[in-house]
Structure formats: structure tokens, C-alpha cells
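Residue-level listing of the chains:
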Amino acid sequence: MGAVTKVLLASICVAFLAAKWTSPRFDADSLKGARVLVTGASTGIGEQMAYHYARFGAQIVITARREKVLQQVVEKCLSLGAQKAFHIAADMANESDPDKVVDYALEKLGGLDYLVLNHIGPSPFSMWKGDVDHTKWLMKVNFFSYIQMAWKALPSLEQNKGSLVVVSSLLGKITSPFVAPYTSTKFALNGFFGSLRHELAMKKSNVSISVCTLGLIDTDSAMEKVRGVTDVQAYPATDAALNIIITGATRQPELFYPWFTYFIAITKDWFPSVTDYIIQNSYNYIP
Ligand SMILES: NC(=O)c1ccc[n+]([C@@H]2O[C@H](COP(=O)([O-])OP(=O)(O)OC[C@H]3O[C@@H](n4cnc5c(N)ncnc54)[C@H](OP(=O)(O)O)[C@@H]3O)[C@@H](O)[C@H]2O)c1
Ligand SMILES: *[C@@H]1O[C@H](CO)[C@@H](O)[C@H](O)[C@H]1NC(C)=O
Ligand SMILES: *[C@@H]1O[C@H](CO)[C@@H](O)[C@H](O)[C@H]1NC(C)=O
């Protein structure tokens, strides 16, 4: 290993540990009574976030498309200790639903302390075959609805020194085969909310933005896609959910979960052809 590489690796380790040590301590009590809106909360990581917020005694509004499932999640939230829990069914591909959901949460909770944007529309895990319409639809669900809801909630978040939490992916930082439409929506989110974070800081806004970079998480939808395709280890949704909540509560700009996604995101450009080789060979693909 060359001296330059060693110095670079050492610097990254120091930066990583410094970020860990200096990050503010999480105070669970700060979430008691907090007014939270979580999207995509009928299943997966969103559902787990709803349960964690409930255990912390928050007031919660959850949304997704399936009303019946949302009802069950709400009941479980109440039994776990949520001060309040409501649900509203909505389709984030519909142009009016994102506003409708934020209005509903503001009305039910009387304001918002956390807006947690997490939902994604289903997208195939396969080679790009030219389906532009699907990509446009996915951009509506995974991207345009996010910026619409963020804008709608921003005045209340300003008033309450609130936090905007965006669930993104390692696929918003690096590219991979089989996910062209999905990765596009995540790169768009990272670009948009990175820009907005600058603007809020320059305006001395009360609102923090946390963008969460996740690796492979063991939700049903993700496991179904990658089964037999890759041997990459999946991390538990409940742990991912808790880490996202802590990142928002401590107002940190970024989360990397699991931790090594930080190293991948930072080193991917050092040896581009090696990175490409590793990515392309991490899938069991036979042409
Ligand atoms: N799992 C992973 O490996 C992984 C890795 C990196 C990043 N992430 C990110 O983590 C977040 C959660 O992922 P997940 O694996 O938990 O997803 P998931 O289990 O597939 O859940 C997606 C949620 O979005 C809702 N949804 C789907 N289409 C919708 C629409 N048109 N309108 C409104 N809601 C809709 C679904 O509920 P309904 O069907 O009831 O609408 C569900 O509640 C996503 O932002 C994802 O990109 C996940
Ligand atoms: C969006 O939802 C509204 C009511 O919630 C409905 O009137 C409208 O037809 C929907 N639009 C689309 C494109 O489905
Ligand atoms: C920040 O919050 C305080 C109240 O907590 C409010 O008076 C002030 O106007 C807010 N700042 C902005 C930029 O809205």
C-alpha cells in the first residue's frame, strides 16, 4: 500500500471517529410528545420507525396506500405507548395527496416537529429495458412528493425548530446495475436536499435536514428482490429505523447505516475501475 493511500485511509478513520465522538448525545425524552409524520409506514423501515416513535411516547401520523394495514400499525403504536396515533391513506403518485397528508398531520397534531420522508414505490430489480413511463412515475413517488411535502411542512417545522428526515440509500451515492430508475430518484433526493440544507443554513433557519444513507436492509420487499442475486449481508430494519430516528433527533446532517457505507461512499472515486469491478461482480449474473 502506498504512503498516500495510508495517509488517506488514516484521515478517513480519524474523520469517522471524530464525527462519532463529537455527535450530540441522543436524549430519548426529547421525543416524548414530539409531533411526527412518517411516510411509507405500513411496512418495512417506516413501520419500525412508527413503533420506535411510539415507544418514545411521540404523537404520530402515518401514511401509505393500504388503509387496513395502516389501521393495524396505528393500533400497535397506541399499545406501545404513542400519545396519539392517526393514519391517512394516500398515493404519493397523485399530485394532490402529498399536500393532503401534510395538512391532515398539521390538523390532527396542531403542528409538526419531525417530517420523516421514507416511502418508495415498487420498482423492478432488472436491467434497464427502456421503460421511461415507469421512471417518470417513480420520480413522482420517490422524489417529487418528497419536495412537495417538505415545502408544505417547512413553515410549521420553522416555528417548532423541527427536523426534516430524508431516507435515502447508498444507491443515492454510488451507481449499480439493475436499479437505474430507483438510483435516479435517490441521487435526485441527495442533490435537492443537499442544496436546500445550504439555503436553510444561510438563512439561519430553525430547521435541520438529515439525509440517511442506508445499505441493504432486511425488509420483505428488499429481500424478495435480491434473493439469489447477491450475497451482500442485510442489516435489521428495526436497527436501521432507530438509527434514522436518532439522526433526526440529534439534528445531524447525515447518517450512514451500516457504518461501512461511509467508507464505500468516500473511497468509490479513488480507484474507479476497481470499484466498478467489485460492483459488477457482487451480483450472480450470467449473460
Ligand atoms: N430495504 C433496503 O434494503 C433499503 C436500502 C437502502 C435504502 N432504503 C430506503 O429505505 C426506505 C424504506 O424502504 P423499505 O425497504 O422499508 O420499503 P418497503 O418495505 O417497500 O416500504 C415502502 C413503503 O412505501 C409505501 N408506498 C409504496 N408505494 C406508495 C405510493 N405510491 N404512495 C404512498 N406510499 C407508497 C408502502 O406502503 P403501501 O404499499 O401500503 O402504499 C410501504 O409502506 C426507502 O426510502 C428505501 O429507498 C431501503
Ligand atoms: C388524486 O386524488 C384526488 C382525490 O384525492 C382525485 O380526485 C384525483 O382523481 C386523483 N388524481 C389521479 C391522477 O389519480
Ligand atoms: C425560529 O423559531 C422561533 C420560535 O421558536 C421563531 O420566533 C422564529 O421566527 C423562527 N425562525 C424562523 C426563520 O422562522
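The structure reproduced in this document is the subject of the present report. Keep in mind that what you see is a predicted model, and the values were worked out from it rather than measured. (Residues numbered from 1 in each chain as written. Chains lettered and ligands numbered in written order. Predicted model: local features only at pLDDT ≥ 70, side-chain atom pairs only at ≥ 80, totals over all residues. Heavy atoms only, no water.)

Quick notes on the overall build of the protein
Part 1 of the reasoning: Scanning the protein from terminus to terminus reveals ten helices and seven strands.
Part 2 of the reasoning: Against the globule reference of 19 Å for 287 residues, the protein gives a C-alpha radius of gyration of 19 Å, in line with a compact fold.
Part 3 of the reasoning: The contacts of the protein with a sequence gap of at least 6 include a subset with a gap of at least 24, amounting to 71%.
Part 4 of the reasoning: Entry remark: accessible area of the protein is about 14500 Å², with carbon and sulfur atoms responsible for 58%.
Part 5 of the reasoning: Separation of charge centres in the protein, based on 27 positive and 24 negative side chains, amounts to 4 Å. (Helix = DSSP H or I, 4+ residues; strand = E, 2+ residues; numbered from the N terminus. Rg over C-alpha atoms; globule rule 2.2 N^0.38 Å. Contact = heavy atoms within 4.5 Å. Areas by Shrake-Rupley, 256 points an atom, 1.4 Å probe, with all protein chains shown as cover. Lys, Arg positive; Asp, Glu negative; His and termini not counted. Charge placed at Lys NZ, Arg CZ, Asp CG, Glu CD.)

Describing the layout of surface pockets
Part 1 of the reasoning: Of the volumes computed, that of the second largest pocket is approximately 580 Å³.
Part 2 of the reasoning: Along its surface, the second largest pocket is lined by 22 residues, and Lys20, Gln252, Glu254, Leu255 and Phe256 are the ones closest to its centre.
Part 3 of the reasoning: When residues of the lining of the second largest pocket are traced back to their parent elements, those giving at least two are helix H1 (3–22), helix H8 (237–249) and strand S7 (254–257).
Part 4 of the reasoning: Element by element, the count of residues in the lining of the second largest pocket is highest for H1, at five residues.
Part 5 of the reasoning: Within the lining of the second largest pocket, the residues separate by chemical class into 14 nonpolar, five polar and three charged. (1 Å grid on protein atoms, 1.4 Å probe; cavity = no way out; pocket = protein on both sides within 12 Å on 5 of 7 lines; lining within 4 Å. Points joined across faces, edges and corners; volume = space filled by probe spheres on them. Nonpolar A, V, L, I, M, F, W, Y, C, P; charged D, E, K, R; others polar.)

A short note on the sheet that holds strand S4 (residues 114–117)
Part 1 of the reasoning: Judged by pairing direction, the sheet is parallel, and its seven strands sit side by side in the order S3-S2-S1-S4-S5-S6-S7 without closing on themselves. For this open sheet the edge positions go to strand S3 (84–89) and S7, each flanked by a neighbour on one side alone. Each strand of the sheet is rotated relative to its neighbour by a mean of 15°, with strand direction disregarded.
Part 2 of the reasoning: Pairing of strand S1 (residues 35–39) with S4 involves three bridges; the strand directions are parallel. Residue pairing in the sheet places Val38 in a bridge with Val116 of S4.
Part 3 of the reasoning: Packing against the sheet, H8 makes contact with S4, strand S5 (163–167), strand S6 (208–214) and S7, and its axis sits at approximately 160° to S7. (Pairing = 2+ DSSP bridges. Axes fitted to C-alpha atoms, helices over the stretch in contact; angles between N-to-C directions.)

Focus: the site of ligand 3
Part 1 of the reasoning: Residues in contact with ligand 3, as listed here, are Glu158, Gln159, Lys161 and Asn206.
Part 2 of the reasoning: With respect to ligand 3, the backbone of Glu158 contributes an N or O atom lying 3.5 Å from an oxygen atom.
Part 3 of the reasoning: For ligand 3, whose accessible area on its own is 360 Å², the fraction buried by protein is 46%.
Part 4 of the reasoning: Its residues assigned to classes, the shell around ligand 3 shows no nonpolar, two polar and two charged. (Near = heavy atom within 4 Å. Polar contact = N/O pair within 3.5 Å; in protein donor to acceptor, adjacent residues only side chain to side chain.)

Looking at the site of ligand 1
Part 1 of the reasoning: In the vicinity of ligand 1 there are 31 residues, among which Ser42, Arg65, Arg66, Tyr182 and Thr219 approach most closely.
Part 2 of the reasoning: One of the side-chain N or O atoms of Thr219 is found 2.7 Å from an oxygen atom in ligand 1.
Part 3 of the reasoning: Taken by itself ligand 1 offers 880 Å² of open surface, and the protein chains cover 94% of this.
Part 4 of the reasoning: Secondary-structure elements contributing two or more residues to the shell around ligand 1 are helix H2 (44–55), helix H5 (132–159), helix H6 (180–202) and helix H7 (220–226).
Part 5 of the reasoning: The class makeup of the residues in the shell around ligand 1 is 15 nonpolar, twelve polar and four charged.

Honestly, that's just the spatial picture; any functional story needs more than this.
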